[in-house]
Amino acid sequence: LPIIAGVLSTLQAGCVEAPVPVVDDADIISVVLDDLASREDNMLLDEGMLLIAPESSAIDADVGLPYERVSAQCRPATSLHAELIARNAVVANIAPSIAASSKWRIATDRELDTPLYMQHETARSIIRLKLPAVSADRLDALIMLSFLWSQHGAEATYLLRREHVAWRIICSDLFFYP
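A quick note: this is a predicted structure, and the numbers were derived from the prediction, not measured. (Residues numbered from 1 in each chain as written. Predicted model: local features only at pLDDT ≥ 70, side-chain atom pairs only at ≥ 80, totals over all residues. Heavy atoms only, no water.)

(A) Spotlight on the state of the cysteines. Summed over the entire model, instances satisfying the criterion amount to 1 disulfide. Covalent S-S linkage joins Cys74 and Cys171, the inter-sulfur distance amounting to 1.8 Å. Between Cys74 and Cys171, the S-S torsion sits near -100 degrees, and that sign places the bridge as left-handed. Within this pair, whereas Cys74 is found in the loop between strand E1 (49-52) and helix H3 (78-87), its partner Cys171 is found in strand E7 (residues 166-176), the two being separated by 97 residues in sequence. For the pair Cys74 and Cys171, a shared accessibility class is recorded, and that class is buried. (Disulfide = S-S within 2.5 Å. Helix = DSSP H or I, 4+ residues; strand = E, 2+ residues; numbered from the N terminus. Buried < 20%, exposed > 50% of the residue type's maximum accessible area, 1.4 Å probe, protein only.)

(B) Structural detail: the packing of aromatic side chains. In the structure shown here, the tally under the stated rule is 3 aromatic pairs. Aromatic pair Phe147 and Phe176: ring centres 6.1 Å apart, planes at 90 degrees, arrangement edge-to-face. In this pair, Phe147 sits in strand E5 (residues 140-148) while Phe176 sits in strand E7, placing the two residues 29 residues apart along the sequence. Residue Phe176 is classed as partly exposed on the basis of its relative accessible area, which comes to 24%. Measuring from centroid to centroid gives 5.7 Å for Trp149 and Phe176, while their planes differ by 90 degrees, and the two rings are edge-to-face. Remark: Phe176 occurs in strand E7 and Trp149 occurs in the loop between E5 and strand E6 (153-163); sequence separation between them is 27 residues. Taking relative accessible area as the criterion, Trp149 reaches 16% and is therefore assigned buried. Site record: aromatic cluster; members linked through ring pairs are Phe147, Trp149 and Phe176. (Phe/Tyr/Trp six-rings, centres within 6.5 Å; stacked < 30°, edge-to-face > 60°.)

(C) Structural context of the side chain of Glu111. Counting through the fold element by element, Glu111 comes out in helix H4 (residues 109-113). If near-sequence neighbours (up to four positions away) are discounted, Glu111 is found in contact with Leu51, Arg105, Ile106, Gln119 and Ile126. (Contact = heavy atoms within 4.5 Å.)

(D) Examining the nonpolar core more closely. Ranked by size, the top nonpolar core spans 28 residues in total, and within it Ile127, Leu129 and Phe147 carry the most contacts. Those elements that provide at least two residues to this core are helix H2 (25-38), E1, strand E3 (123-129), E5, E6 and E7. In terms of residue count, the dominant contributor to this core is H2 (6 residues). Excluding residues within four positions of it along the chain, Leu129 makes contact with Ile29, Leu33, Ile52, Glu55, Ser56, Ser57, Ile94, Ile98, Ile143, Met144 and Leu145. One finds Val70, Cys74, Leu80 and Met144 within the second-largest nonpolar core, a separate group that totals 11 residues. (Core = buried A, V, L, I, M, F, W, Y, C linked by side-chain atoms within 4.5 Å.)

Right under this line is the structure:
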């Protein structure tokens, strides 16, 4: 009854607030992984699946984010930056947030320990995700990941915006280490 009374008093006051949408990390991660898998500029190997590390990679709060490798249009609002650092202060189990797909799967420990060039027939890349940051209004998201494209690594930064119930990429940057 207290919930109903609260709803009635809000309706009577004439100030009905739209509910804040629930954000599922899996939705954001799936959009980003699907984009990365289909990009022509990703330099990933041609065969196999994307192998996803089951744990997120942490961000050292003292170091922050590598903004020198992110274009000006992809730099997030300060609040998203802070949220990304806060959510990734420690390594976390990200496997429950990885939706099933024919393009990617969770990597085994053995696959993570085997050089990518030795898995060229079964793996396109090994990816380490950071947990996504979501704005207070649940309309904007930021996610970063690192991946192997040979024996070399790369980083990706994605900014997304929620439109109705779906996430849309508004900006992405890939940075390849030589």
